[in-house]
Amino acid sequence: MATEAMDDLAARLADRTVRSAFLYTREAHPGENYRHHTTMDDKRANAKAYQAHSSVKRPILLDTVEGDCHQAYGILPNMTWIIGRGGIIIYKGAWTGVEDVEDAFNSYMEGKERQIKDQLVPFYSERFSWRTRNEEGFNAGLERAGPQAVSDFYLDKKD
Amino acid sequence: MTDYNYKDFEMAREMPPFDEFRNSLFVGEKAPDFELEDLDTGQPVQLSSLWKSGPAIIEFGSFT
């Protein structure tokens, strides 16, 4: 995950009344060291370990054990959403690509600033996006979770 | 307990063709609100409080 880069983005945007948060979901790749959650205490413990390991600066908000929020927003493991003031969805990303998030945010804010003067109206679109693949970091994460996480992913991938 | 919190990762189950994500909510719609828990304080937090005064950027994820 692009934790540090997203923290940096949050810091850059903080003076524009933008709130940023990390919403903690189920474990994407549970293993012996960081197991799937059966209680909120499980979730809290793993989230605290993540906070300590990654030094994430944004607030961490815990979903319910059943993932009510995560499921409503599409249940993918590392999405990013931008919600406009008042609650309208501005951006939904299937993964977290910091450059794409920042580009979408800036485009939205620029449009809002110019909306009246330039008679702009919003419209819906979809587009292809790119993110950096950090295979080394991903593999380190699997190993950190435990041998089961490694074997689940790589044995499954081979099939 | 449902299988939301799976013990074992399975590619086919956990990474479907993104249908739920594609069809869940759309840009331009109202974002649903949920009660969450602030990890640091242990207090309940409404998701909507994030976008009350300005835009909110919300990243979903986990340690693993």
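Note on numbering: residues in each chain are counted from 1, in written sequence order. Note on labels: chains are lettered from A, ligands numbered from 1, in written order. Per-residue local features of the predicted model are confined to residues with pLDDT of at least 70, and side-chain atom pairs are confined, for both listing and counting, to 80 or more; whole-chain, interface and lining totals are unaffected and use all residues. The basis for the side-chain values is all heavy atoms of the structure; hydrogens and waters are excluded.

Caption draft 1: Spotlight on the overall build of chain B. A run of H or I in DSSP counts as a helix once it spans at least four residues, and a run of E counts as a strand once it spans at least two, with each numbered from the N terminus. When helices and strands are counted, chain B shows two helices and three strands. From first element to last, N terminus to C terminus, chain B shows the α and β order α-α-β-β-β. Relative to its 64 residues, chain B shows a buried fraction of 45%. Accessibility throughout is a Shrake-Rupley quantity obtained with a 1.4 Å probe, and a residue counts as covered only by protein chains that appear here. In the form shown here, chain B has an accessible surface area of approximately 3,300 Å², with 52% of it arising from carbon and sulfur atoms. Only protein chains enter the accessibility calculation, which uses a 1.4 Å probe; a residue is then buried when its area is under 20% of its type maximum, exposed when over 50%, and partly exposed in between.

Caption draft 2: Just the nonpolar core, in detail. Take the buried Ala, Val, Leu, Ile, Met, Phe, Trp, Tyr and Cys residues and link them wherever side-chain atoms come within 4.5 Å; each set so joined is a nonpolar core. With 23 residues, the main nonpolar core has Tyr73(A), Trp81(A), Leu47(B) and Ile58(B) as its most contacted residues. Listing elements by their share of this core, those giving two or more residues are strand E1 (19–24) and strand E3 (80–83) of chain A together with strand E3 (56–61) of chain B. Per element, the largest residue contribution to this core is three residues, and it comes from E3(B). The criterion used for residue contact is that any of the two residues' heavy atoms lie within 4.5 Å. When neighbours within four sequence positions are excluded, Leu47(B) is seen to be in contact with Leu23(A), Cys69(A), Tyr73(A), Pro32(B), Asp33(B), Phe34(B), Leu36(B) and Ile58(B). In this structure, Tyr91(A), Val98(A), Tyr108(A) and Met109(A) belong to the second largest nonpolar core, which totals 14 residues.

Caption draft 3: Focus on the pairing of E1(A). E1(A) sits mainly inside the fold: five of its six residues count as buried. Should DSSP find at least two bridges between two strands, the strands are regarded as paired. Two elements, E1(A) and E3(B), share six bridges in a ladder whose sense is parallel. What sits directly across from Ala21(A), in E3(B), is Ile58(B). Considered for its hand, the β-α-β crossover made up of E1(A), helix H2 (residues 40–54) of chain A and strand E2 (residues 60–62) of chain A is right-handed. When the strands point away from the viewer and the path from the first strand over the helix to the second turns clockwise, the crossover is right-handed.

Caption draft 4: Fine view of the interface of chain A and chain B. Counting residues at the interface gives 80 residues for chain A and 51 residues for chain B. When chain A packs against chain B, the two sides together hide about 6,500 Å² of surface, and 61% of this comes from carbon and sulfur. As used here, buried area is the combined drop in accessible area, with a 1.4 Å probe, of two parts when they are placed together. Among the residues chain A hides against chain B, the three largest losses belong to Arg19(A), Arg26(A) and Lys92(A). Together they make up 11% of the total. Just to be clear on terms, a salt bridge is a Lys or Arg side-chain nitrogen sitting within 4 Å of an Asp or Glu carboxyl oxygen. Along the contact surface separating chain A from chain B lie two salt bridges. For this analysis, a polar contact is any N or O atom pair within 3.5 Å, provided that within protein one partner can donate a hydrogen and the other can accept it, and provided that sequence-adjacent residues contribute only side-chain to side-chain pairs. On the surface where chain A and chain B come into contact, there are 40 residue pairs in polar contact (both at pLDDT 80 or more). The dominant element in the side of chain A that touches chain B, judged by the number of residues it contributes, is H2(A), at nine residues. For the side of chain A that touches chain B, the class distribution of residues is 43 nonpolar, 22 polar and 15 charged. Note: E3(A) against E3(B), four bridges, orientation antiparallel. Among the inter-strand pairings, Ile83(A) is bridged to a residue of E3(B), identified as Ala56(B). Just so you know the grouping, Ala, Val, Leu, Ile, Met, Phe, Trp, Tyr, Cys and Pro go in nonpolar, Asp, Glu, Lys and Arg go in charged, and all remaining residues, Gly too, go in polar.

Caption draft 5: The packing of aromatic side chains, seen in detail. Aromatic rings from Phe, Tyr and Trp, taking only the six-membered ring of Trp, are treated as a pair when their centres fall within 6.5 Å; an angle between ring planes under 30 degrees marks them as stacked, one over 60 as edge-to-face, and anything in between as tilted. Counted under the stated rule, the structure contains 14 aromatic pairs over all chains. Ring centres 6.3 Å apart and planes at 50 degrees place the aromatic pair Tyr24(A) and Tyr50(A) in the tilted group. With Tyr24(A) in strand E1 and Tyr50(A) in helix H2, this pair connects stretches of sequence that are 26 residues apart. Grouping residues by exposure puts Tyr24(A) and Tyr50(A) together as buried. Relative to Trp130(A), the ring of Phe128(A) has its centre 5.4 Å away and its plane inclined at 80 degrees; by these criteria the two rings are edge-to-face. Taken as a pair, Phe128(A) and Trp130(A) share a single burial class, namely exposed. Linked through ring pairs, Phe22(A), Tyr24(A), Tyr34(A), Tyr50(A) and Phe63(B) together constitute an aromatic cluster. Look at NZ for Lys and CZ for Arg. If either is within 6 Å of the ring centre and within 35 degrees of the ring normal, a charge sits over the ring. The ring of Phe21(B) is capped by Lys92(A), whose NZ or CZ atom sits 4.6 Å from the centre of that ring. Over the aromatic face of Trp95(A) sits the side chain of Arg131(A), whose NZ or CZ is 4.4 Å from the ring centroid.

Caption draft 6: Quick peek at the pairing of E3(B). The buried fraction of E3(B) is high, at six of six residues. The alternating pattern of E3(B) places Ala56(B), Ile58(B) and Phe60(B) on one face and Ile57(B), Glu59(B) and Gly61(B) on the opposite face, and all of these are buried.

Caption draft 7: Inspection of the confidence of the model for chain B at higher detail. What pLDDT reports is the predictor's confidence in each residue, on a scale of 0 through 100. On average, chain B scores 89 in pLDDT, and the residues at 70 or more come to 88%. Reported confidences for the modelled complex are a pTM of 0.93 and an ipTM of 0.94.

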